[in-house]
Amino acid sequence: MGLNLTQKILKAHLVEGQMIPGEEIGIRIDQTLTQDSTGTIAYLQFQAMGIDKVKTERSVAYIDHNMLQQGFENADDHKYIQTVAHKHGIYFSRPGNGICHQVHLERFGVPGETLLGSDSHTPTGGGIGMIAIGAGGLDVAVAMGGGTYYITMPKVINVKLTGSLKPFVTAKDIILEVLRKLTVKGGVGKVLEYTGDGIKNLTVPERATITNMGAELGATTSIFPSDEVTKAFLKAQKREDVWVELKPDEDAEYDEVIEINLSDIEPLTAAPHSPDNVKDVKELEGIKVDQVAIGSCTNSSYMDLMKVAKILKGKSVHPDVSLVIAPGSKQVLTMLAANGALADLIAAGARILESGCGPCIGMGQAPATNAVSLRTFNRNFKGRCGTVSAGVYLVSPETAAVSAITGKLTDPRSFEGNIDVEMPEEFTIDDNMIIPPAEDPSTVEVIQGPNIKPFPINTELREEVTGKVLIKVEDNITTDHIMPSNAKLLPFRSNIPYLAEYCLTPCNPEFPARAKENNGGFIVGGENYGQGSSREHAALAPLYLGVKAVLVKSFARIHKANLINSGILTLTFKKPEDYDKIQEFDELVIENAIEQVKGDTVIVKNKTQNTEYEMSLEVSERERQMLLLGGKINLIKHQNA
Ligand code: MIC
Ligand code: SF4
């Protein structure tokens, strides 16, 4: 039986386990990436491991999330990350050089290699045939130290693309179509492998848009083959030497096949407040738009922004619309500046932001009260943009640009004119904003400012785990609910005690106080709990507040791993109807916890209601060890002792 591409790359990196879907496997990681908002804690963890130099082939530390520098806090984070990177063999991408995923694709990604990143959109690298996975910072720190990365062997779904896109229909619309079909939890435990004749006409940036938003499906990752298109892209980046051809075997088998005829796809939008709330643009056309934001790791490539420039050339942004554009990288911005497209954007009235995440993570450009914001980004969770009452619609750059002119959500096909953009034969290359590691690390002093506080570490599991239900939340709770990120909080990503004051406050402002009064307790949630970001702060803040267990109908992959890494019990209801019975403030107890955690079923007693629930503990043996010892750091210490 032939192998699909996912299996081939995993097999080449397999260190432990058997490649049977659902079983835990350990893989070797070739490359890592971090960004500033998860990086500081990840490097503190790396330092705590006492390893001098990273053992990966390439590790890169990016600064892209928080660049407002309203106070000293995040400038301190940048300084720390720069010095710690310099000392330990890590490349440092300076603020202004661009969004981690865009720059990594341009300058570092290698087909057939594995990439682990402390950011959920790391699968962008699948656009050039990498197995690129998002994880919590601690997992990335361990990988930098040469440690194995463990995942559940995913099922591989073949997404077969046929036909070709109609004019003004884009890669963004393809992935929105997949989201419409599969929903935000449809990819959990799966890799989406794209094949078929339809991929031939998709450039690397277009493929990367698709793999990037595989994160919104909850997928482990997404991948395209490495073919002539990939070669052309790498050649244009003067990196042809890293290209290899990679494709599934002729007789490859897949766990599932989905066929999509590209010519059937229409311009789409994900309406508030979920990336899978997908509608045809036609259906919603005419909605008045207040803000248009173009950029993010999903849609800020040279090709994307050239199309936007072509649409805006000689036109004016509608008087009621604020149009902001953040180019994905210095490379993109330099090229737009050199060929005059930047002048066209500015002349039309676009507000040009620096190359970084910017409004995507709520760092500035919060829309007005009740505003409608069209964004080319990947997430539209309530409040993520900085304004709780605003409605964010996710769209393609083409739809965004055309709507910025008309002032209302507009089908881009109404634009008259040609917006074809050729893939450049050569990108403008200058890596002067990437600082290589120090030749003599002993001369480098790591500078750690006062905002950088120690991170919490759990204690061994107790015989009896007791506490109240501190909060009960519904389905699809995101990490943006659990540990919100915005311009006010992002500067405190290395200060868990401060952040904890905001933990779960979008669901219930009293949660942190309640947790402290009761010495911690339990969280109860619905399906897909913890979807979205890789931020381990969404586990560290509950840990700091004394949360001992999370009881849900189902978990999102990265958040579950982060909870286990923090030694917090991850329990799922065997009978989903039990979720309905449990109430906030109920007193719960897990008796004989140590014994019970050694098995797959844990009985949680509800003392208030005098009943009990059967919960599954779906973890590997290694994870069980972590839960018994109080997290991954304790496990590492234990193994080294
Ligand atoms: C996001 O898009 O939510 C982020 C900010 O990039 C996060 C990482 C973080 O929370 O720092 C992610 O997607 O992992
Ligand atoms: Fe940055 Fe937004 Fe991409 Fe997250 S999704 S990495 S915040 S651009």
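Participant: Can you walk me through the environment of Phe522 in this structure?
Facilitator: Mapped onto the elements, Phe522 comes out in strand E22 (residues 521–524). Each C-alpha atom of the pair Phe522 and Asp586 lies 9.6 Å from the other, and the pair is 64 residues apart in sequence. Residues within four places of Phe522 in sequence aside, it is in contact with Val465, Thr466, Gly467, Lys468, Val469, Leu470, Ile471, Ala549, Leu551, Leu588 and Ile590.

Participant: I tried to follow the layout of surface pockets on my own but got confused; where do I start?
Facilitator: To locate leftover empty space, one rolls a probe as large as a water molecule over the atoms. Its volume calculated, the largest pocket comes out at about 980 Å³. Lining the largest pocket are 41 residues, with Thr152, Val188, Arg557, Lys560 and Glu618 positioned closest to its centre. Residue assignment for the lining of the largest pocket shows that the elements contributing at least two residues are strand E8 (149–152), helix H18 (557–565), strand E24 (569–573) and helix H21 (621–629). The dominant element in the lining of the largest pocket, judged by the number of residues it contributes, is H18, at five residues. Its residues assigned to classes, the lining of the largest pocket shows 15 nonpolar, 10 polar and 16 charged. Estimates place the volume of the second largest pocket at around 730 Å³. Contributing elements (two or more residues each) for the lining of the second largest pocket: helix H6 (171–182), helix H7 (204–212), helix H8 (228–236) and helix H10 (302–312). It is H7 that contributes the most residues to the lining of the second largest pocket, four residues altogether. Among the residues making up the lining of the second largest pocket, the classes are represented as 16 nonpolar, 10 polar and nine charged.

Participant: Please explain helix H3 (residues 72–88) as it appears in this structure.
Facilitator: Quick reminder: α-helices carry 3.6 residues per turn. Residues three or four places apart thus point the same way. The first and last C-alpha atoms of H3 sit 24 Å apart over 17 residues, in line with the 24 Å expected at 1.5 Å per residue. In this fold, the buried residues of H3 make contact with helix H2 (36–48), strand E4 (58–62) and strand E5 (91–93). Where H3 ends, the next residue or the one after it, Gly89, has phi of about 85 degrees, a positive value.

Participant: Could you clarify how one ought to interpret the packing of H7 against H8 in this entry?
Facilitator: In a packed pair of helices, the relevant descriptors are the angle between the two axes and the axis-to-axis distance. H8 packs onto H7 with a crossing angle of 110 degrees between their chain directions and a minimal axis gap of 9 Å. Here H7 lies roughly perpendicular to H8, going by the angle between them. Residues Val204, Pro205 and Arg207 of H7 touch H8, and the partners they reach there are Val229, Thr230 and Phe233. Of the residues assigned to the contact of H7 with H8, the class counts are four nonpolar, one polar and one charged.

Participant: Got a minute to help me understand the side chain of Asp173 in this structure?
Facilitator: Assignment of secondary structure puts Asp173 in helix H6. Among buried charged residues, Asp173 stands out as having no salt bridge; its nearest opposite-charge side chain is Lys172, 8.0 Å away. At 2.8 Å, the side chain of Asp173 forms a polar contact with the backbone nitrogen of Thr170. Ignoring sequence-local partners within four residues, the contact set of Asp173 consists of Phe168, Ile265, Glu266, Pro267, Leu268 and Ser396.

Participant: Whenever I open this one, the packing of aromatic side chains confuses me. Can you help?
Facilitator: Aromatic rings considered in pairs are described by the distance between their centres and by the relative angle of their planes. Here the structure, examined in full by the defined rule, presents 10 aromatic pairs. Where Tyr498 meets Tyr502, the ring centres are 5.9 Å apart and the plane angle is 35 degrees; that geometry is what we call tilted. Residue classification places Tyr498 among the partly exposed positions, given a relative accessible area of 32%. The class for Tyr502 is partly exposed, based on a relative accessible area of 33%. Both rings, one in Phe573 and one in Tyr613, keep their centres 6.4 Å apart while their planes meet at 80 degrees; by these two values the pair is edge-to-face. Of this pair, Phe573 sits in strand E24 while Tyr613 is found in strand E27 (residues 611–616), placing the two residues 40 residues apart along the sequence. One residue, Lys472, lies across the ring of Tyr579, its end atom 4.4 Å from the ring centre.

Participant: For this particular structure, what's the right way to read the site of ligand 1?
Facilitator: Residues in contact with ligand 1 amount to 14 residues; listed here are only the nearest, Ser37, His65, Asp119, Ser120 and Arg535. One of the side-chain N or O atoms of Arg379 is found 2.9 Å from an oxygen atom in ligand 1. Interatomic distance of 2.8 Å between a backbone N/O atom of Ser534 and an oxygen atom of ligand 1. Applying the majority rule of atoms within 2 Å of the grid points places ligand 1 in the largest cavity. Considered class by class, the residues forming the shell around ligand 1 number one nonpolar, eight polar and five charged.

Participant: In this structure, what is going on with the sheet that holds strand E26 (residues 601–606)? I would like to understand it.
Facilitator: In any sheet, the strands associate via hydrogen bonds between backbone groups, in a parallel or an antiparallel arrangement. Spatial strand order, E21-E22-E23-E24-E27-E26-E25: seven strands in a closed barrel with mixed pairing. With direction set aside, neighbouring strand axes in the sheet form an average angle of 35 degrees. Pairing of strand E23 (residues 547–552) with E24, which is carried by four bridges, proceeds in the parallel orientation. Within E24, the residue paired with Val552 across the bridge is Thr572.

Calculation criteria
- Residues numbered from 1 in each chain as written.
- Chains lettered and ligands numbered in written order.
- Predicted model: local features only at pLDDT ≥ 70, side-chain atom pairs only at ≥ 80, totals over all residues.
- Heavy atoms only, no water.
- Helix = DSSP H or I, 4+ residues; strand = E, 2+ residues; numbered from the N terminus.
- Contact = heavy atoms within 4.5 Å.
- 1 Å grid on protein atoms, 1.4 Å probe; cavity = no way out; pocket = protein on both sides within 12 Å on 5 of 7 lines; lining within 4 Å.
- Points joined across faces, edges and corners; volume = space filled by probe spheres on them.
- Nonpolar A, V, L, I, M, F, W, Y, C, P; charged D, E, K, R; others polar.
- Expected span 1.5 Å × (residues − 1).
- Axes fitted to C-alpha atoms, helices over the stretch in contact; angles between N-to-C directions.
- Parallel < 35°, antiparallel > 145°, perpendicular 65-115°, else oblique.
- Buried < 20%, exposed > 50% of the residue type's maximum accessible area, 1.4 Å probe, protein only.
- Lys, Arg positive; Asp, Glu negative; His and termini not counted.
- Salt bridge = Lys/Arg side-chain N within 4 Å of Asp/Glu carboxyl O.
- Polar contact = N/O pair within 3.5 Å; in protein donor to acceptor, adjacent residues only side chain to side chain.
- Phe/Tyr/Trp six-rings, centres within 6.5 Å; stacked < 30°, edge-to-face > 60°.
- Lys NZ or Arg CZ within 6 Å of the ring centre and 35° of its normal.
- Near = heavy atom within 4 Å.
- Sits in = over half its atoms within 2 Å of the grid points.
- Pairing = 2+ DSSP bridges.

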